[in-house]
Amino acid sequence: MESPTVVAVCGSRRDGSYTRAALRHVLDAAEEAGVRTELLDVREYDLPVFDPDEEEPPEAVELKRKIREADSVVLGSPVYHGSYSSAFRNVHDYCSFDEYEDTTVGLLATAGGGSYASTLDHMRITVRGVHGWVLPHQVGIRNAYEKFEDGRFVDDDLEERTRKLGRQAVQYADINPDVTGTGADEAAADD
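Notes on the structure in this doc start here. (Residues numbered from 1 in each chain as written. Predicted model: local features only at pLDDT ≥ 70, side-chain atom pairs only at ≥ 80, totals over all residues. Heavy atoms only, no water.)

## Some remarks on the environment of L107
With respect to the helices and strands, the residue L107 is situated in strand β4 (residues 104-110). Put simply, L107 and P58 are 49 residues apart on the chain and 26 Å apart in space, counted from C-alpha to C-alpha. Look past the residues within four positions of L107 in its chain and what remains in contact with it is L75, L120, M123, R124, V127, V134, Q138, V139 and L165. (Helix = DSSP H or I, 4+ residues; strand = E, 2+ residues; numbered from the N terminus. Contact = heavy atoms within 4.5 Å.)

## What to know about the pairing of β4
Extensive coverage of β4 is indicated by the burial of 7 of its 7 residues. Here β4 shows two buried faces, one formed by T104, G106, L108 and T110 and the other by V105, L107 and A109. Relative to β4, strand β3 (residues 72-78) is paired through 7 bridges, and the arrangement is parallel. Considered in β4, the bridge of G76 is made with L108. Sheet topology places β4 next to strand β5 (residues 133-134); 2 bridges connect them, and they run parallel. Pairing of T104 across the sheet is with W133, part of β5. (Buried < 20%, exposed > 50% of the residue type's maximum accessible area, 1.4 Å probe, protein only. Pairing = 2+ DSSP bridges.)

## Some details on the pairing of strand β1 (residues 5-10)
The buried fraction of β1 amounts to 6 of the 6 residues, a majority that puts the element mostly inside the structure. Burial along β1 is two-sided: the face carrying T5, V7 and V9 and the face carrying V6, A8 and C10 are both buried. In this structure, β1 lies alongside strand β2 (residues 36-41), joined through 6 bridges in parallel fashion. Paired with V6 across the strands is T37, a residue of β2. After leaving β1, the chain enters helix α1 (residues 18-32) and then returns to the sheet as β2, a path that is right-handed. (Right-handed = clockwise from strand over helix to strand, strands pointing away.)

Take a look at the structure:
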């Protein structure tokens, strides 16, 4: 049997991206848990602004394939104006139910200031909109410029929270709860 795959999508174009650094820690933890990993960095894909009337470029087709074939996907974005980045949104616009339905998805946001909650909320809502299974554990990093030195965390608790996201992406990669089936009805009746 082939090893499961966890991919992380980095929605930051900045060279010294804290989002990218944090996602590498997520993937390191996932790899240590025994799966294959890959960082999908928006800087490496030539993606024009999504236009449903245009034929998708080959790089979009390839990116979507990698997301669709992953057992778990971890999405990361910097906080821009209380939400996610346009680079993240553009990748997300190319994707749909085919990529996310019944897929375990972890969320991570990095903020230059103190607020990331709305970004994680927006990410969660859009993933649920395409029927992805969003992990309850998520990572938000405040004042990210203070939390890293040369790509490494300077805060052990924050590093552990971030690595936990990678471990859970592996642990729940094959989750497929049937919340509409008869088993869900029977479980509710037992309460």
